[in-house]
Amino acid sequence: MTDVFGLSHKDPSPGSDANPVHPGRHEQVVFCADEPSGLYAIIAIYSTALGPGLGGTRFYPYASEQAALADVLNLSRAMAYKNALAGLDLGGAKAVIVGDPATVKSEALLRAYGRFVQSLGGRYYTACDVGTYSEDMDVVARECSYVTGRTPEHGGAGDSSILTAFGVYQGMRAAARHVYGTPSLGGRRVGVEGVGKVGHRLVDHLIEDGAEVVICDVNEGAVERVARRHPGVHVVADAATLSASDLDVYAPCALGGALDDVTVPRLKAKIICGGANNQLAHSGVEKQLAERGILYAPDYVVNSGGVIQVADEIEGFDMARARARAAKIFDTTAKIFEMAEEEGVPPGAAADRLAERRMSEVGRLRGIWLRR
């Protein structure tokens, strides 16, 4: 399951007790248990400054309660920043269900979970994440009004990778304009690592724009599908070969941690912009990229098309409206690059500052009393 929310360097690998909890107090943390169905979940609401918290439900066999808690606290905070930068009137929240979804997921468990979400009275909207799917959200919605990421048959947005890939492409165009003076990828050599749900759609956009595309994926079937659709793409053996290739743009769209102390020194690309979550192996990597003159488009900014798509369900889903909102990722990414240059900080730091500014400036308006 692809995480539609595209979380960033703030998104730790699930299940690790070593994951630090980022600073900042959460508004509310709820522990939910229903012994007969086997449900044990944690819902964390980091901020409702901009509106109800929106974030997916991750279903994962955590090694311990502490690991689950650390994950949900970090993820919910990251969602506040992602939603703020996506221009949504939504805060940041997240939920985790502890257990192996392949063995313990059931109708009863999902419906019990839905009742706990409902009990929060709309402070939290849930959706898909790792281990959960649109069909699961349909089951949760049988007990809960605050569910997004549902199937089209139930008025949902369906496959969120459509706008995730579109948003990454918009971020890449902004990066190209910043580095090369034009937003076109025509004639540029772009390496796409991972051509699954998001990656193969990104290739479509790049080919249409006239880019030369190089791909790799551990799944041979995924590579073959793209090669059949676009016979002109180049295929390399693995991610190490791709990252060291002569590229203008490197787009990690597979697993997190693609940019580490081994990969960065080998990079020849001038731009890093991809759909993968948690691309930076550690916080020092972005500084290494800056020192090498490589422009990094913060992943949780450019891959926010998925959350924009599912958030649109709250108003009654309209693809044209959601796509128009996702197109603004170009403007947001461009603004972050400008801020980074003006303030002498990496793009990730500029993105955080921009998100915090919006949460503060817009969130304070809640202090203006309105008669209900």
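One can find the structure itself at the top, above this paragraph.
In this text, all values refer to a predicted model and were calculated from it rather than measured experimentally. (Residues numbered from 1 in each chain as written. Predicted model: local features only at pLDDT ≥ 70, side-chain atom pairs only at ≥ 80, totals over all residues. Heavy atoms only, no water.)

Digging into the overall build of the protein chain
Assigned secondary structure in the protein chain consists of 14 helices and twelve strands. The C-alpha radius of gyration of the protein chain comes to 20 Å, within 12% of the 21 Å expected for a compact globule of 372 residues. In terms of principal-axis extent, the alpha carbons of the protein chain reach across some 55 × 50 × 40 Å. Buried residues in the protein chain amount to 56% of all 372 residues. With an accessible surface of roughly 15200 Å², the protein chain has 50% of that area assigned to carbon and sulfur atoms. Distance from the positive charge centre (38 side chains) to the negative charge centre (46 side chains) of the protein chain: 6 Å. (Helix = DSSP H or I, 4+ residues; strand = E, 2+ residues; numbered from the N terminus. Rg over C-alpha atoms; globule rule 2.2 N^0.38 Å. Buried < 20%, exposed > 50% of the residue type's maximum accessible area, 1.4 Å probe, protein only. Areas by Shrake-Rupley, 256 points an atom, 1.4 Å probe, with all protein chains shown as cover. Lys, Arg positive; Asp, Glu negative; His and termini not counted. Charge placed at Lys NZ, Arg CZ, Asp CG, Glu CD.)

Observations concerning unusual backbone geometry
For Asn 278, which is not a glycine, the phi torsion comes out positive at approximately 55°. As for its placement among the helices and strands, Asn 278 is situated in the loop between β11 (271-272) and α9 (285-291). Of the residues examined, Asn 278 reaches a relative accessible area of 15% and is grouped as buried.

Comments concerning the sheet that holds strand β12 (residues 295-296)
Overall, parallel pairing links the six strands, which are arranged β9-β8-β7-β10-β11-β12 in an open sheet. Both edges of this open sheet fall to β9 (234-235) and β12, since each of them pairs with a single strand only. As defined by bridge partners, β11 adjoins β12 across two bridges and the pair is classed as parallel. Bridging across to β12, Ile 272 finds its partner in Tyr 296. Sheet strands touched by helix α6 (residues 199-208): β7 (189-193), β8 (212-216) and β10 (249-252). Its angle to β7, the strand with the most contacts, is close to 170°. (Pairing = 2+ DSSP bridges. Contact = heavy atoms within 4.5 Å. Axes fitted to C-alpha atoms, helices over the stretch in contact; angles between N-to-C directions.)

Let's talk about the packing of aromatic side chains
Applying the stated rule across the entire model yields two aromatic pairs. When the centroid spacing of 5.4 Å and the interplanar angle of 85° are considered together, the rings of Tyr 125 and Tyr 146 count as edge-to-face. Taken together, the residues span a long stretch of sequence, with Tyr 125 in strand β6 (residues 124-125) and Tyr 146 in the loop between α4 (134-140) and α5 (161-180) at a distance of 21 residues. Overall, Tyr 125 belongs to the buried group, its relative accessible area being 15%. For Tyr 146, a relative accessible area of 19% translates into the label buried. Geometry around Tyr 180 places Arg 188 over its ring, the cationic atom sitting 3.6 Å from the centre. Over the aromatic face of Phe 166 sits the side chain of Arg 323, whose NZ or CZ is 3.9 Å from the ring centroid. (Phe/Tyr/Trp six-rings, centres within 6.5 Å; stacked < 30°, edge-to-face > 60°. Lys NZ or Arg CZ within 6 Å of the ring centre and 35° of its normal.)

Some points on the environment of Ala 67
Residue position: Ala 67 is located in helix α1 (residues 65-85). A residue is classified by how much of its surface remains accessible, and Ala 67, at 0% relative accessible area, is buried.

Considering the nonpolar core
Ranked by internal contacts, the top residues of the largest apolar core, which has 39 residues, are Leu 39, Ile 43, Ile 97, Tyr 113, Tyr 124 and Val 140. Ranked by residues supplied to this core, first place goes to helix α3 (residues 107-118) with five residues. The next biggest cluster of nonpolar side chains, apart from the first, holds 28 residues, and it includes Tyr 169, Val 190, Val 233 and Val 249. (Core = buried A, V, L, I, M, F, W, Y, C linked by side-chain atoms within 4.5 Å.)

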